[in-house]
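Summary of the model geometry
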Amino acid sequence: TTIHVAISSKEPKEKPTSSFFPLTVDYRNRLYAHGVIPHSGSKRERPQEEDILIARIIDRAVRPLFPKGYVNDVQITLTAHSVDASGTGDPVVASILAASYALRTSSQPWYLLQEPSVTPEVSTSSTGSTSNTTNTSVDTNTNTNTNTLPNTSNISNATHGVIGCVRMGLIHGEFITNPTVQQLRESEMNLLVSGTRTRPMMIEFDGKEVAEETLKRALVAAQEALQPSIAYQYKLLGVDITNTANN
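Overview of the structure. (Residues numbered from 1 in each chain as written. Predicted model: local features only at pLDDT ≥ 70, side-chain atom pairs only at ≥ 80, totals over all residues. Heavy atoms only, no water.)

**A look at the overall build of the chain**
Rules: Each helix corresponds to a stretch of at least 4 residues labelled H or I by DSSP, and each strand to a stretch of at least 2 residues labelled E; elements are numbered beginning at the N terminus. The rule is simple: take the accessible area with a 1.4 Å probe, protein chains only, and divide by the maximum for that residue type; under 20% is buried, over 50% is exposed, in between is partly exposed.
Scanning the chain from N- to C-terminus turns up five helices and eight strands. Secondary structure elements in the chain, listed N-terminal to C-terminal, are β-β-α-β-α-β-β-β-α-β-β-α-α. Within the span of the chain, comprising 247 residues, buried residues form 41% of the whole.

**As for the side chain of Ser194**
Counted only if it meets this: Between two residues, a contact is recorded if the distance between any of their heavy atoms is within 4.5 Å.
Mapped onto the secondary structure, Ser194 falls in strand E7 (residues 189–195). In contact with Ser194, other than residues within four places in its own chain, are Ala61, Ile96, Gly164, Cys165, Pro200, Met201, Met202 and Leu226.

**What to know about the pairing of E7**
Note the cut-off: Between any two strands, pairing holds if DSSP finds at least two bridges.
In terms of burial, E7 is a largely internal element, six of the seven residues being buried. Taken together, the six bridges between strand E5 (residues 164–171) and E7 define a ladder with antiparallel strand orientation. Counted as the bridge partner of Val166 is Val193 from E7. Note: E7 against strand E8 (residues 200–207), seven bridges, orientation antiparallel. Pairing of Leu192 across the sheet is with Glu204, part of E8. Between E7 and E8, which pair antiparallel one after the other, the connecting turn spans four residues.

**Observations regarding the nonpolar core**
One recurring pattern in soluble globular proteins: nonpolar side chains tend to sit buried together. Worth spelling out the cut-off: The nonpolar core is taken to be a set of buried Ala, Val, Leu, Ile, Met, Phe, Trp, Tyr and Cys residues, with the residues joined through side-chain atoms within 4.5 Å.
One finds Leu23, Ile58, Val62, Ile76, Leu78, Ile96 and Ile163 to be the most contacted residues of the largest nonpolar core, which totals 33 residues. Only strand E1 (2–10), strand E2 (23–29), helix H1 (49–62), strand E3 (73–82), helix H2 (91–105) and E8 provide two or more residues apiece to this core. Beyond its immediate sequence surroundings of up to four residues, Ile58 is in contact with Val25, Tyr27, Leu78, Ser95, Ile96 and Ala99. Core analysis: the next-biggest nonpolar cluster, separate from the first, contains 19 residues, Met189, Val210, Ala222 and Tyr234 among them.

**Things to note about the packing of aromatic side chains**
The cut-off we apply is this: Each aromatic pair joins two rings of Phe, Tyr and Trp (for Trp, the six-membered one) with centres within 6.5 Å, and gets the label stacked for planes under 30 degrees apart, edge-to-face for over 60, and tilted for any other angle.
Here the structure, examined in full by the defined rule, presents three aromatic pairs. On the basis of an interplanar angle of 45° and a centroid distance of 4.8 Å, the ring pair of Phe21 and Phe66 is categorised as tilted. Of this pair, Phe21 sits in the loop between E1 and E2 while Phe66 sits in the loop between H1 and E3, and the two are 45 residues apart along the sequence. A relative accessible area of 1% means that Phe66 is categorised as buried. Look at Phe66 and Tyr70: their rings are 6.1 Å apart centre to centre, the planes differ by 10°, and that puts the pair in the stacked class.

**With respect to the layout of surface pockets**
Which entries qualify depends on this criterion: Here a cavity denotes grid points, spaced 1 Å and computed from the protein atoms alone, that fit a 1.4 Å probe unable to get out, and a pocket denotes an open set having protein on both sides within 12 Å along at least 5 of 7 lines; residues with an atom within 4 Å of a point are the lining. Grid points are joined across faces, edges and corners, and a volume is the space filled by probe spheres set on the points. Each residue receives one of three labels: charged for Asp, Glu, Lys and Arg, nonpolar for Ala, Val, Leu, Ile, Met, Phe, Trp, Tyr, Cys and Pro, and polar for the others, Gly being one of them.
The volume enclosed by the largest pocket comes to roughly 930 Å³. What lines the largest pocket is a set of 38 residues, and nearest its centre among them are Asn29, Glu50, Ile54, Pro91 and Val92. Those elements that provide at least two residues to the lining of the largest pocket are E2, H1, H2, helix H3 (181–186), E7 and E8. The element contributing the most residues to the lining of the largest pocket is H1, with seven residues. In the lining of the largest pocket, the residues fall into 15 nonpolar, nine polar and 14 charged.

**Quick word on the pairing of E5**
A large share of E5 lies buried, amounting to eight of its eight residues. Pairing between E5 and strand E6 (residues 174–177): four bridges, direction antiparallel. Residue pairing in the sheet places Ile171 in a bridge with Glu174 of E6. Where E5 hands over to E6, the hairpin turn is made up of two residues, of which His172 adopts a positive phi near 55°.

Below, the structure written as structure tokens:
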């Protein structure tokens, strides 16, 4: 699976009157990524509903690490150029990891200023139907000044934003990390988690009457499973995180 990421930013021409952050995330899964060439009547590929939903997932994963008061127009464009036909290369997971690394190596102020000492409790709800869905986004911004950006002069490389991502399945009571497409069809749940080394940033969940205790264990397992993707990004950045505080 190959994902191309492009990031652009522009400062506002006039002083903003609100603290709204105009972040735009656009995701496109091209037909040629699956070995399909569109016929002459439909060469122009328009975004599908799935592309829009994936773009929203990526937005919720990266938005919390932008500081409050940052009002530059930021655009993140992700294009899937190839997708593993065996179903092992999840384009959603790959896109979030690609966006994380691209933002970390860009000039954007994308970092986690302060980690709360207590991880927020995750609550779930069930309507008694055969499936339930929970979407959660965690905002960790701590600066409330909307006129100036936080002072980042004392922030080390290791505390700049890097997030990992993992998808978890559940088959016959066993958790499956990054399941294939076929395994997802058999799975009792579809849990997508992205987060930093110590806490989740975004949770997307769909399950077939999964017990709350099982979901809690899945969240703990997911937080552990996304650590290698975070460590690998730091390795590419040349940052040693073995002796740094968790972030």
